[in-house]
Amino acid sequence: MSRIDLHTHTTFSDGSASPTELIELANQQGIDILSITDHDTTEGLPEAMEAAKDLALELIPGIELSAQFQNREMHILGYFINLSDPQFQMRLEGLRSTRSVRIHHILDRLHTLGIDISIDEIEAASGTGTIGRPHIAQVLIAKGHVKDMKDAFERLLGSRGNAYVERDVPEAKEIITWIIEAGGIPVLAHPYWEGWNKAESITSCQTLVEQGLQGLEVFYGTFSARQISFNLGLARQFDLLMTGGSDFHGTFKPDITLGKGRGSLHVPSKTVERLRIAAGQ
Ligand SMILES: [Zn+2]
Ligand SMILES: [Zn+2]
């Protein structure tokens, strides 16, 4: 039985492990198939491929992109994308620049709240990676403005926090098209269907499928058996691919273990087989 984790983050977005460290950890933990799905970037993948090349570990190229759908933000994973597709890389560059605009807006909000941190401090915290709110949180923690990551998000950076600024992201339809045009398979990440009742969730899923969605992340690090079974039903109803992963962020989300999520994650091997076939790999 293969151990599979198709949703992980590195220092190239908001994870704490470098691509090499993540590959080493995955190898130690007996993971056979891993995908790195950093937000808005594939730049960590060459290092990961190098680290994995002599190991019995298969690395599937991935990415996680944010999208708007019916006034909500959702995340869409892309698997088996062609990393050297110039158009896709240009689109990612554009997404990263909207992140940086948002960070500046958040810093303005923090300033009006009497908290002064600079963009240089945040860039130093993010290293080479895609800049994000966890990096602001790191600086806030280091400077003693908040207790920990949870406190930073609850009081300041989360959607109910005082310094929250929404990010302007493309529509789901657009993001799905970008992934397909780069040769990838678009999969809805962690489908919580939050704020929708059962019938609305089914309709939303149908609309996304009409827009080109090809899969659902049925098996997710924090999902209950009930959530898994609901998504399994949707995947069957709309003949969608199924994927699964922990959404590992290293020490930034300490309750999530690589390959296991909160302990019960299990991604069936046949789901990866089908994903591979759909991608023509
Ligand atoms: Zn996500
Ligand atoms: Zn993620």
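Residues numbered from 1 in each chain as written. Chains lettered and ligands numbered in written order. Predicted model: local features only at pLDDT ≥ 70, side-chain atom pairs only at ≥ 80, totals over all residues.

1. Some remarks on the overall build of the protein
And then number 1: Scanning the protein from terminus to terminus reveals 10 helices and 7 strands.
And then number 2: For 281 residues, the compact-globule estimate of 2.2 N^0.38 gives 19 Å, and the C-alpha radius of gyration of the protein, at 18 Å, lies within 12% of that figure.
And then number 3: Its C-alpha atoms put the protein at 55 × 45 × 40 Å along the principal axes.
And then number 4: Within the protein, the fraction of its 281 residues that count as buried is 46%.
And then number 5: Considering only intrachain contacts with a sequence separation of at least 6, the fraction spanning at least 24 residues in the protein is 72%. (Helix = DSSP H or I, 4+ residues; strand = E, 2+ residues; numbered from the N terminus. Rg over C-alpha atoms; globule rule 2.2 N^0.38 Å. Buried ≥ 20, exposed ≤ 12 C-beta atoms within 10 Å, placed from the backbone. Contact = placed C-beta atoms within 7 Å.)

2. Overview of the packing of helix α1 (residues 19-28) against helix α2 (residues 45-52)
And then number 1: One can describe the packing of α1 onto α2 by two numbers: an axis separation of 8 Å at closest approach and a directional angle of 40°. Classified by the angle between their axes, α1 and α2 sit oblique to one another. At the point where α1 passes α2, the crossing takes the right-handed sense. On α2, the residues touching P19, T20, L22, I23 and E24 of α1 are E47, A48, A51 and A52.
And then number 2: In terms of residue class, the contact of α1 with α2 is built from 6 nonpolar, 1 polar and 2 charged. (Axes fitted to C-alpha atoms, helices over the stretch in contact; angles between N-to-C directions. Parallel < 35°, antiparallel > 145°, perpendicular 65-115°, else oblique. Left-handed = near helix turned anticlockwise from the far one by under 90°. Nonpolar A, V, L, I, M, F, W, Y, C, P; charged D, E, K, R; others polar.)

3. Comments concerning the packing of helix α5 (residues 133-142) against helix α6 (residues 149-157)
Working note: a packed helix pair is described by the angle between its axes plus the distance between those axes.
And then number 1: Taken N-terminus to C-terminus, the directions of α5 and α6 make an angle of 105°; their axes are 9 Å apart at the nearest point. The pairing of α5 with α6 is recorded here as roughly perpendicular in orientation. Contacts between α5 and α6 pair R133, P134, I136, A137, L140 and I141 from the former with M149, A152, F153, L156 and L157 from the latter.
And then number 2: Its residues assigned to classes, the contact of α5 with α6 shows 10 nonpolar, no polar and 1 charged.

4. Overview of the domain arrangement of the protein
And then number 1: What the domain assignment reports for the protein is domain 1 (4-85 + 172-278) and domain 2 (92-157).
And then number 2: The gap between the C-alpha centroids of domain 1 and domain 2 is 25 Å.
And then number 3: Its residues assigned to classes, the side of domain 1 that touches domain 2 shows 3 nonpolar, 4 polar and 3 charged. (Domains from an automatic or database assignment.)

5. Topic: the sheet that holds strand β5 (residues 185-188)
Within a sheet, adjacent strands bond to each other through the backbone by hydrogen bonds, running parallel or antiparallel.
And then number 1: Strand order in the open sheet formed by 7 strands is β1-β2-β3-β4-β5-β6-β7, and the pairing between neighbours is mixed. Both outer strands of the open sheet, β1 (4-5) and β7 (241-245), are each paired with one neighbouring strand and no more.
And then number 2: Where β5 and strand β6 (residues 215-220) come together, 2 bridges link them in parallel fashion. Bridge assignment links L188 to a residue of β6, and that residue is L216.
And then number 3: In the packing of helix α10 (residues 269-278) onto the sheet, the strands contacted are β1, β2 (33-36), β4 (72-79), β5 and β7, and the crossing angle to β7 comes to about 120°. (Pairing = 2+ DSSP bridges.)

6. What about the pairing of β5?
And then number 1: Side-chain alternation along β5 places I185 and V187 on one buried face and P186 and L188 on a second face that is also buried.
And then number 2: Two strands pair when backbone bridges link them, and β4 and β5 are joined in this way by 4 bridges, in the antiparallel orientation. Across the sheet, residue Y79 finds its bridge partner in β5, namely I185.
And then number 3: Read as a crossover between parallel neighbours, the route from β5 over helix α8 (residues 198-210) to β6 is right-handed. (Right-handed = clockwise from strand over helix to strand, strands pointing away.)

7. Focus on the nonpolar core
Nonpolar side chains in soluble globular proteins tend to be buried together.
And then number 1: Counting 57 residues, the largest nonpolar core has A48, I76, I175, V187, L188 and L216 as its most contacted members.
And then number 2: Once residues lying within four places of it in the same chain are set aside, the contact partners of I175 are L65, A67, I76 and P170. (Core = buried A, V, L, I, M, F, W, Y, C linked by C-beta atoms within 7 Å.)

8. Here we look at the pairing of β2
And then number 1: With 2 bridges joining them, β1 and β2 adopt parallel strand pairing. Each residue of the ladder has a partner; that of I4, found in β2, is I33.
And then number 2: Once the chain exits β1 it traverses α1 before rejoining the sheet at β2, and the crossover so formed is right-handed.
And then number 3: Where β2 meets strand β3 (residues 58-69), 4 bridges bridge the pair, whose relative direction is parallel. Counted as the bridge partner of I33 is E58 from β3.

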